[in-house]
Amino acid sequence: MKNVLLIGMGKFGQTLGEKLINMGNDVMIVDKDEDVINALAPKYTGALIANCMNADNLKAMDVASYDVCVVAMGDDFQSSLEITSILKDLGAKFVISRADTDIQRKFLFRVGADEVIYPNRDIAEKLAVKLNSQNVFDYIEIDNEYSVFEIAVPPRWNGKTLVDINPRGKHGLNVLLIKKGKNIVPSPGPNYVFEDGDHILAFGATEKILAFTNKNAK
């Protein structure tokens, strides 16, 4: 469980906040819109109406006491930039800021952001992968080279064991677990027999996995 300061309660901030609360985190939300805060306050650990462009307002929040500070605003980059900088000056342990362009991302890192999230790009990339690949249900990019993919098992795998298929040796797929509907088979053994409807969570080089899942892959 983490103690999170979440600044900016637009659509993205609200979605993030709800997820964090549902996962058991303590979340303090902040926005300058009184109506937004009044509507959301009952759901959260704490809520504050404040203009975070004011360094005194941020200082009063004791930002250094939070595990993570998230600057979730997407409609006012200048404010996001200045708030990120002030948070770091006030000793924030870890600041995550939102960007909508590569240039914004670069500037946020320059003023001290520890991590920059890029929701619009991430959504577009995930959609592009799904549209261009066969049987990809989800994926998480680990870095520029490696990812974790959820993939439907090809029909030709049905009835064969993991050692028969040898996905790691033949396709560069390191099988982490197998999903069978709502059930999970973690760290499947070499004698696991694949069945129709199985999904695998596989880690590996993104290019290799995409080659495997591409519509034209054999």
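Relevant structure appears above.
All values derive from a computational prediction rather than experimental measurement.

Rules used in this analysis
Residues numbered from 1 in each chain as written. Predicted model: local features only at pLDDT ≥ 70, side-chain atom pairs only at ≥ 80, totals over all residues. Heavy atoms only, no water. Helix = DSSP H or I, 4+ residues; strand = E, 2+ residues; numbered from the N terminus. Rg over C-alpha atoms; globule rule 2.2 N^0.38 Å. Buried < 20%, exposed > 50% of the residue type's maximum accessible area, 1.4 Å probe, protein only. Contact = heavy atoms within 4.5 Å. Areas by Shrake-Rupley, 256 points an atom, 1.4 Å probe, with all protein chains shown as cover. Pairing = 2+ DSSP bridges. Axes fitted to C-alpha atoms, helices over the stretch in contact; angles between N-to-C directions. Patch = residues over 30% accessible without salt bridge, like charges linked within 9 Å, V, L, I, M, F, W, Y side chains within 5 Å. Salt bridge = Lys/Arg side-chain N within 4 Å of Asp/Glu carboxyl O. Lys, Arg positive; Asp, Glu negative; His and termini not counted. Charge placed at Lys NZ, Arg CZ, Asp CG, Glu CD. Parallel < 35°, antiparallel > 145°, perpendicular 65-115°, else oblique. Left-handed = near helix turned anticlockwise from the far one by under 90°. Nonpolar A, V, L, I, M, F, W, Y, C, P; charged D, E, K, R; others polar.

## Digging into the overall build of the protein
Helix and strand content of the protein: nine helices and 11 strands. For the protein, the C-alpha radius of gyration of 22 Å lies well beyond 17 Å, the compact-globule estimate for 218 residues. Principal axes of the C-alpha set define a box for the protein whose edges measure 65 × 35 × 30 Å. Of all 218 residues assigned to the protein, the portion counted as buried reaches 39%. Considering only contacts in the protein between residues 6 or more positions apart, those separated by 24 or more positions represent 53%. In the form shown here, the protein has an accessible surface area of approximately 12,400 Å², with 51% of it arising from carbon and sulfur atoms.

## Side note on the sheet that holds strand 1 (residues 3–7)
A sheet is described by the order of its strands in space; here six strands give the open sequence 3-2-1-4-5-6, paired in parallel fashion. Only two strands of the sheet have a single neighbouring strand rather than two, namely strand 3 (46–49) and strand 6 (115–117). Pairwise comparison of adjacent strand axes, ignoring direction, gives a mean angle of 20° for this sheet. The pairing of strand 1 with strand 2 (residues 26–31) spans five bridges and is parallel. The residue of strand 2 that forms the bridge with Val4 is Val27. Across the sheet, helix 1 (residues 11–22) touches strand 1, strand 2, strand 4 (68–71), strand 5 (95–98) and strand 6, and the angle it forms with strand 1 is around 165°. Each of strand 5 and strand 6 is contacted by helix 5 (residues 102–110), which is oriented at about 155° to strand 6, the strand it contacts most.

## Brief notes about a negative patch on the surface
Together, Glu141, Asp143, Glu145 and Glu207 make up a negatively charged patch on the protein surface. Of note, Glu207 is situated in helix 9 (residues 206–213). The class of Glu207 is exposed, set by a relative accessible area of 70%.

## A word on the packing of helix 4 (residues 77–89) against helix 5
Two numbers describe how helix 4 lies on helix 5: the axes approach to 9 Å, and their chain directions differ by 20°. Judged by the angle between their axes, helix 4 and helix 5 are roughly parallel. Helix-helix and strand crossings are classified by hand; for helix 4 and helix 5 the assignment is right-handed. Seen from helix 4, the contacting residues are Phe77, Ser80, Leu81 and Thr84; seen from helix 5, they are Gln104, Phe107 and Leu108. Of the residues in the contact of helix 4 with helix 5, the class split is four nonpolar, three polar and no charged.

## Notes on the sheet that holds strand 10 (residues 183–186)
Strand pairing within a sheet occurs via backbone hydrogen bonds; the two strands may be parallel or antiparallel. Ordered by their spatial adjacency, five strands build an open sheet running 7-8-11-9-10, and the pairing between neighbours is antiparallel. Two strands close off the open sheet at either side, each with one partner strand: strand 7 (136–141) and strand 10. Neighbour to neighbour, the strand axes of the sheet diverge by 20° on average, direction disregarded. Where strand 9 (residues 174–180) lies against strand 10, four bridges are found, and the strand directions are antiparallel. Within the sheet, the bridge partner assigned to Lys179 lies in strand 10 and is Ile184. On the sheet, helix 9 packs against strand 7, strand 8 (146–152) and strand 11 (199–205) and is oriented at approximately 20° with respect to strand 8.

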